[in-house]
Amino acid sequence: MEETRYDQRLHLLGLLALSYLLLKQLWILLVGIKNHVLSRWWRTDLKKYGGWAVVTGATDGIGKAYALQLAKRGFDVVLISRNEEKLQRVAQEIEKQSQQKTKIIQVDFTGGSEIYPKVENGLKDLDIGILVNNVGMSYVSDPVRFLEVDDVPKQIDYTLNCNILSMVHMTRIVLPKMLQRKKGLIINISSSTGIRPYPIMTMYGATKAFMDFFSRSLHMEYKSDGITVQVTV
Ligand SMILES: NC(=O)c1ccc[n+]([C@@H]2O[C@H](COP(=O)([O-])OP(=O)(O)OC[C@H]3O[C@@H](n4cnc5c(N)ncnc54)[C@H](OP(=O)(O)O)[C@@H]3O)[C@@H](O)[C@H]2O)c1
């Protein structure tokens, strides 16, 4: 059967769509290779950002790993968490391991805006190059529907304060000096629960989606001023 002009256009369209999808997958693959393989040798010079790094939720898990790694790469580190003893312990571990300076700020991020003057005061004389907004909490051990969360009114405040308010206020505190120096890196730890709606962990997932949108918008606003904002899922 003879191919009509309509068929030819349809084939061309299909070919273009297929090429687009293939190029997109190739791009994802290349970025993955750069980030997860080549990055072992091809490292960004983080030290260009400044002398101090600040990590929230720095005494366990991902936050502690960031704090140790940043110290290893030559940063003095401000550790911020709830538990004073754990803060002291991690600070000692860093100083022993890397000879970098540390500073600790004990604060409970489930609190509202009243907790930030203490943080602001603790950071005011430091040349902060990197901020890692890592602190975050989920409100349940077993996923449940929104109204089945224990003590819903309290958990609304705690979850939103810890996961959202902390990132926004910490950014507000460190950004002005980064802008003066025209360099700074802000890393926000989101989660895959923020990529698409996540029922039975609704509030947690929604706070992580907020982190994602906030980070990507903020990056667009300030990248021309030398500020990089990254969000990890
Ligand atoms: N683990 C995962 O599989 C996973 C996956 C995706 C995203 N994430 C995200 O990654 C981040 C870190 O998770 P993680 O699993 O590494 O956490 P983690 O091991 O439970 O550590 C939490 C850290 O945050 C501190 N912290 C917790 N609540 C706090 C509060 N109200 N005020 C001040 N500090 C507080 C803890 O210190 P204290 O001991 O003083 O409480 C601790 O240092 C979170 O934002 C989480 O949502 C985790």
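Residues numbered from 1 in each chain as written. Predicted model: local features only at pLDDT ≥ 70, side-chain atom pairs only at ≥ 80, totals over all residues. Heavy atoms only, no water.

Below, the discussion takes up the pattern of salt bridges. Inspection of the entire model under this criterion finds 7 salt bridges. In this structure, Lys86 engages Asp60 in a salt bridge whose closest nitrogen and oxygen atoms are separated by 2.7 Å. Of this pair, Lys86 sits in helix α3 (residues 84–98) while Asp60 sits in the loop between β1 (52–56) and α2 (61–72); the two residues are 26 residues apart in sequence, bridging distant segments of the chain. A salt bridge links Arg172 to Glu120; its shortest N-O distance comes to 3.5 Å. A residue pair is termed long-range when its members are at least 10 positions apart, and Arg172 in helix α5 (residues 152–181) and Glu120 in helix α4 (residues 116–123) qualify at 52 residues. Judged by relative accessible area, which is 40%, Arg172 ranks as partly exposed. (Salt bridge = Lys/Arg side-chain N within 4 Å of Asp/Glu carboxyl O. Helix = DSSP H or I, 4+ residues; strand = E, 2+ residues; numbered from the N terminus. Buried < 20%, exposed > 50% of the residue type's maximum accessible area, 1.4 Å probe, protein only.)

This paragraph deals with the domain arrangement of the protein. Taken domain by domain, the protein comprises domain 1 (1–42) and domain 2 (44–232). In this structure, domain 1 and domain 2 have C-alpha centres spaced 37 Å apart. (Domains from an automatic or database assignment.)

Before going further, it helps to examine the sheet that holds strand β4 (residues 128–133). In spatial order, the strands read β3-β2-β1-β4-β5-β6; together these 6 strands make up an open sheet with parallel pairing. Two strands lie at the open edges of the sheet, namely β3 (102–106) and β6 (227–232), each paired on one side alone. Pairwise comparison of adjacent strand axes, ignoring direction, gives a mean angle of 15 degrees for this sheet. Where strand β2 (residues 76–81) meets β3, 5 bridges bridge the pair, whose relative direction is parallel. Bridge pairing in β3 places Ile80 opposite Ile105. Contacting β1, β2, β3 and β4, α4 crosses the sheet at an angle of about 170 degrees to β3. (Pairing = 2+ DSSP bridges. Axes fitted to C-alpha atoms, helices over the stretch in contact; angles between N-to-C directions. Contact = heavy atoms within 4.5 Å.)

Between its first and last C-alpha atoms α2 spans 17 Å; for 12 residues at 1.5 Å apiece the expected length is 16 Å, and the two agree. Turning to α2, its buried residues are Gly63, Ala67, Leu68, Leu70 and Ala71. The buried residues of α2 occupy an angular sector of 165 degrees when projected down its axis, which confines them to one face. Along α2, the residues that are exposed and aim more than 90 degrees away from the buried face are Gly61 and Lys72. (Expected span 1.5 Å × (residues − 1). Arc of directions from axis to C-beta.)

On to the pairing of strand β5 (residues 184–189). The side chains of a regular strand alternate between both faces of the sheet. Across the 6 residues of β5, 6 count as buried, placing the element largely inside the fold. Neither face of β5 is left uncovered, since the one carrying Gly184, Ile186 and Asn188 and the one carrying Leu185, Ile187 and Ile189 both have all their residues buried. The pairing of β4 with β5 spans 4 bridges and is classified as parallel. Bridge pairing links Ile130 to Leu185 in β5. Of the pairings in the sheet, the one linking β5 to β6 comprises 6 bridges and is parallel in character. Within β6, the residue paired with Ile186 across the bridge is Val229.

In this section: the packing of aromatic side chains. Here the structure, examined in full by the defined rule, presents 2 aromatic pairs. Taking 6.2 Å as the distance between ring centres and 35 degrees as the angle between the ring planes, the aromatic pair formed by Phe109 and Tyr116 counts as tilted. Tyr116 sits in the buried class, given a relative accessible area of 1%. Residues Phe210 and Phe214 carry aromatic rings whose centres are separated by 6.1 Å and whose planes lie at 10 degrees to one another, so their mutual orientation is stacked. One end of the pair is Phe210 and the other is Phe214, both in helix α6 (residues 202–222) and 4 residues apart, which spans about a single turn. Relative accessible area serves as the criterion here: at 35%, Phe210 is assigned to the partly exposed category. (Phe/Tyr/Trp six-rings, centres within 6.5 Å; stacked < 30°, edge-to-face > 60°.)

A word on the packing of α5 against α6. Close contact between α5 and α6 brings their axes to 10 Å; oriented N to C, the two are set at 15 degrees. What the angle tells us is that α5 and α6 run roughly parallel. Crossing of α5 against α6: the hand is right-handed. Of the residues in α6, those in contact with Gln155, Ile156, Thr159, Leu160, Asn163, Ile164, Met167, Val168, Thr171, Leu175 and Leu179 of α5 are Met203, Tyr204, Thr207, Lys208, Phe210, Met211, Phe214, Ser215, Leu218 and Tyr222. The residue inventory of the contact of α5 with α6, partitioned by class, reads 14 nonpolar, 6 polar and 1 charged. (Parallel < 35°, antiparallel > 145°, perpendicular 65-115°, else oblique. Left-handed = near helix turned anticlockwise from the far one by under 90°. Nonpolar A, V, L, I, M, F, W, Y, C, P; charged D, E, K, R; others polar.)

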